[in-house]
Amino acid sequence: MNVTYKNIEGKIEQGYGVNRWADAHSINVSLKELTEKDIYGVDKETYNDIVENYYNKKCAKSKAITTEAKQFIPGGVQHNLAFNKPFPMCMVKAEGAYLYDLDGNKYFDFLQAGGPTILGSNYEEVKKEAIKLIGECSPTTGLFHEAELLIAKEINKHMPNVEMFRMLGSGTESVMAALRIARCATKKKHIIKIGGAYHGWSDQMVYGLKIPGTRNYLESFGIPGYIYKGVDEVKPNDLVMLKKYLDLNTIRGGTAAVILEPAGPESGTRPIDWEYNAAVRQLCDAYGALLIFDEVVTGFRLGVGGAQGLFEVKPDITIFGKIVAGGYPAAGGVGGKSEYISLLAAGVAGGAKKAYCGGTLAANPLSATAGYVAIKEIAKNNACVKAGLAGNRLTDGLVKLIEQYNLPYVAYNQGSICHLECTAPMSFDFSTMNPLGPIKALSKKNMMMTRTEAMKRMGAAYMANGIVTLAGSRLYTSMADTDEIIDEALNHFEDVFKIVKKTGVLDDEVAEYAAEHKAAKEKAIAETKAKKEAEKDELAAKKVAAKQAAKEAVAAEKAKKASWNN
């Protein structure tokens, strides 16, 4: 691994938690080397030992409750982040830098709810104001509350380019609104996204998800193909391919907007050059397209001015989520230049051609208050800087451990967003303008599946050693992560690295993993079929009983009338 950094001067003093930026080329070279080598991870024997001696014995209550949950909840959990091997963990307490499960086990929390709690979990000042709000008002009233104005003004204070702000229920909803605004404003059709980026789960954006170049072949089940007629996908960090699509779109309806994650797709999992965002801004201006920054993760995490302040690039529209509600629910919003955000329909639109949006619980008093207080506390406590420096310390410590144990892993960070790639299943890239391009991805499917399984096993090993991560490969630091906490956490990472072995990438392992998935799929299909047959038989029996009951009711009615005649 040879990841290099560019020093970024003056940003720490401005409240940004970034004083260096990882070079995209050096990361990609290191990731390519990683995927060309045998897998170093937790072998089957070690994994089974972890399951038996930690999960089954020390997490029995979590196992019991999440097993029962599968009867009532698809997959047993309500959120994708909670899918962990060997079973989801049930958490009952979050405090600062730690999480506690139902069995009383304590963990270093490098998930931080997926990124929103940069102050640390359950931050006291935010909690205090939330409790006060609930006591005096209600979590929601359906009418206006002062906090709606306060949070809009607070965001504008730190991000002057966000002249207007509409709070919504989630980042997904906010992206939907932004795309509608862009098409209304420009009268153009196409949206260009960066391959591998996650912009929520609305139909249009489940395209090129996770792996660049896969378009609608990977995750888009249940979505009609015509939905993607106005969506294009380009290779991350590739300005040449972006320009080609902008050129192409000039003859097929134009480009309404380019939407991107300013730290790179999947929160920087696919790195970008420091100058990339500024170059995209120039291309958008040249082609009359709007630039949309998805700051769901980066907003108030990289710095109080968001990624747009860090890179000194002004997007036309900004997407908010996670931190904008201070770790409370209904976290989302869309903001930007007033000429664009004013195109959102508010109340009765009066027939004007505006972008419709709604949401009964959007900007509820609780979420708006929590977000307003959280943003103020972030600025007051210099939280982004503290979290960013903690991210540097954690990443540098991981790099030393990787070198010490001679592992092929890759670690780098963008401030408080840290990456630890042990198997790199998402590092593949099949980007191309060739319509048949996604077919190439199918040839690598088994390899990606195997590396994904190896990543999940690493995640299980981290958890068993008291470390909560995002999918075993991403870590978010917070203001609560002191030097002492980071150093202690690194000791726990070392305990995992000590048990890592060269597991190889053998054909039989790939085949076994594929067979397990195939068997599980066939079992699910068989169970569904059996259930439908049982339901069919039950329905048939009910129909027979209903007919018999109706027949008896008619006979009883006839008998009743006959008795009246007599």
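Residues numbered from 1 in each chain as written. Predicted model: local features only at pLDDT ≥ 70, side-chain atom pairs only at ≥ 80, totals over all residues. Heavy atoms only, no water.

(A) A look at the pairing of strand 10 (residues 255–260). Among the 6 residues that make up strand 10, 6 are buried, leaving the element largely enclosed by the rest of the structure. Pairing of strand 8 (residues 190–194) with strand 10 involves 4 bridges; the strand directions are parallel. Looking at the pairing, Ile 191 lines up with Ala 257 of strand 10. With 4 bridges connecting them, strand 10 and strand 11 (residues 290–294) associate as parallel partners. Counted as the bridge partner of Ala 257 is Leu 290 from strand 11. (Buried < 20%, exposed > 50% of the residue type's maximum accessible area, 1.4 Å probe, protein only. Helix = DSSP H or I, 4+ residues; strand = E, 2+ residues; numbered from the N terminus. Pairing = 2+ DSSP bridges.)

(B) The environment of Glu 421, seen in detail. Considering the arrangement of structural elements, one finds Glu 421 in strand 15 (residues 417–421). Separated by 32 residues in sequence, Glu 421 and Glu 453 place their C-alpha atoms 13 Å apart. Among residues more than four places away in sequence, those in contact with Glu 421 are Leu 31, Leu 34, Thr 269, Tyr 409, Val 410 and Ser 473. (Contact = heavy atoms within 4.5 Å.)

(C) Looking closely at a nonpolar patch on the surface. A cluster of nonpolar residues, Ile 65, Val 92 and Leu 102, forms a patch on the protein surface that exposes about 230 Å² of accessible area. If you trace the backbone, Leu 102 turns up in the loop between strand 5 (98–101) and strand 6 (106–109). (Patch = residues over 30% accessible without salt bridge, like charges linked within 9 Å, V, L, I, M, F, W, Y side chains within 5 Å. Areas by Shrake-Rupley, 256 points an atom, 1.4 Å probe, with all protein chains shown as cover. Salt bridge = Lys/Arg side-chain N within 4 Å of Asp/Glu carboxyl O.)

(D) Main features of the sheet that holds strand 16 (residues 467–468). Strand order in the open sheet made by the 4 strands is 4-5-6-16, with mixed pairing throughout. In this open sheet, the two strands that pair with only one neighbour each are strand 4 (91–95) and strand 16. Both strand 4 and strand 5 contribute to a ladder of 4 bridges, which runs antiparallel. Each bridged residue has a counterpart across the sheet, and for Met 91 the counterpart in strand 5 is Asp 101.

(E) Local environment of the pattern of salt bridges. Throughout the structure, instances matching the rule amount to 23 salt bridges. Between Lys 127 and Glu 124 there is a salt bridge whose closest N-O contact spans 3.5 Å. Within this pair, Lys 127 and its partner Glu 124 are both found in helix 4 (residues 124–136), separated by 3 residues, close to a single helical turn. Note that Lys 210 is salt-bridged to Glu 219, the shortest N-O span being 3.0 Å.

(F) Structural view of the nonpolar core. Grouped together as the largest cluster of nonpolar side chains are 111 residues, with contacts concentrated most on Tyr 55, Val 334, Leu 420 and Phe 493. If one sorts the elements of this core by residue count, helix 16 (residues 483–499) sits on top with 7 residues. Not counting residues up to four positions away in its chain, the partners in contact with Phe 493 are Phe 110, Leu 394, Leu 398, Leu 401, Leu 420, Tyr 462, Ile 467 and Leu 475. Membership of the second largest hydrophobic core comes to 31 residues, among which are Tyr 123, Ile 323, Ala 370 and Ile 375. (Core = buried A, V, L, I, M, F, W, Y, C linked by side-chain atoms within 4.5 Å.)

(G) Structural detail: helix 9 (residues 276–287). Look at helix 9: 17 Å from first C-alpha to last across 12 residues, which is about the 16 Å you get at 1.5 Å a residue. The set of residues buried in helix 9 consists of Tyr 276, Asn 277, Ala 279, Val 280, Arg 281, Leu 283, Cys 284 and Tyr 287. The inward-facing, buried residues of helix 9 abut strand 8, helix 7 (239–249), strand 10, strand 11 and helix 10 (306–311). Count one or two residues on from helix 9 and you reach Gly 288, which has phi positive near 70 degrees. (Expected span 1.5 Å × (residues − 1).)

(H) Seen up close, empty space enclosed by the protein. A complete count under the given rule lists 1 cavity of 30 Å³ or more for this structure. As a volume, the largest cavity reaches approximately 30 Å³. As for the largest cavity, its lining consists of Leu 420, Glu 421, Cys 422, Thr 423, Ala 424, Met 455, Met 458, Gly 472 and Ser 473. Those elements that provide at least two residues to the lining of the largest cavity are strand 15 and helix 15 (445–464). (1 Å grid on protein atoms, 1.4 Å probe; cavity = no way out; pocket = protein on both sides within 12 Å on 5 of 7 lines; lining within 4 Å. Points joined across faces, edges and corners; volume = space filled by probe spheres on them.)

(I) Quick peek at the environment of Tyr 287. Among the secondary structure elements, Tyr 287 is positioned in helix 9. Among the residues examined, Tyr 287 registers a relative accessible area of 19% and is labelled buried. Considered as a pair, Tyr 287 and Ala 256 are 31 residues apart in the sequence and their alpha carbons are 9.4 Å apart. Sequence-distant contacts of Tyr 287, defined by excluding residues within four places in its chain, comprise Lys 188, Lys 243, Leu 246, Asp 247 and Thr 250.

(J) Representation of the packing of helix 13 (residues 383–404) against helix 16. The N-to-C vectors of helix 13 and helix 16 enclose an angle of 30 degrees; their axes lie 10 Å apart at closest approach. On the basis of the axis angle, helix 13 is roughly parallel to helix 16. Remark: the crossing between helix 13 and helix 16 carries right-handed chirality. Every residue of helix 16 that contacts helix 13 at Ala 390, Arg 393, Leu 394, Gly 397, Leu 398, Leu 401, Ile 402 and Gln 404 is listed here: Asp 483, Ile 486, Asp 487, Leu 490, Phe 493, Glu 494 and Phe 497. Residues that form the contact of helix 13 with helix 16 fall into these classes: 9 nonpolar, 2 polar and 4 charged. (Axes fitted to C-alpha atoms, helices over the stretch in contact; angles between N-to-C directions. Parallel < 35°, antiparallel > 145°, perpendicular 65-115°, else oblique. Left-handed = near helix turned anticlockwise from the far one by under 90°. Nonpolar A, V, L, I, M, F, W, Y, C, P; charged D, E, K, R; others polar.)

(K) Up close: the sheet that holds strand 12 (residues 317–321). Sheet architecture is open: 7 strands sit in the order 7-13-12-11-10-8-9, paired in mixed fashion. The open sheet is flanked by strand 7 (164–168) and strand 9 (231–234), the only strands paired with a single partner. Neighbour to neighbour, the strand axes of the sheet diverge by 20 degrees on average, direction disregarded. In this structure, strand 7 lies alongside strand 13 (residues 332–336), joined through 5 bridges in antiparallel fashion. Residue pairing for strand 13: Met 167 is matched across the bridge by Gly 333. Taken strand by strand, helix 7 contacts strand 8, strand 9 and strand 10, and its axis lies near 155 degrees from that of strand 9.

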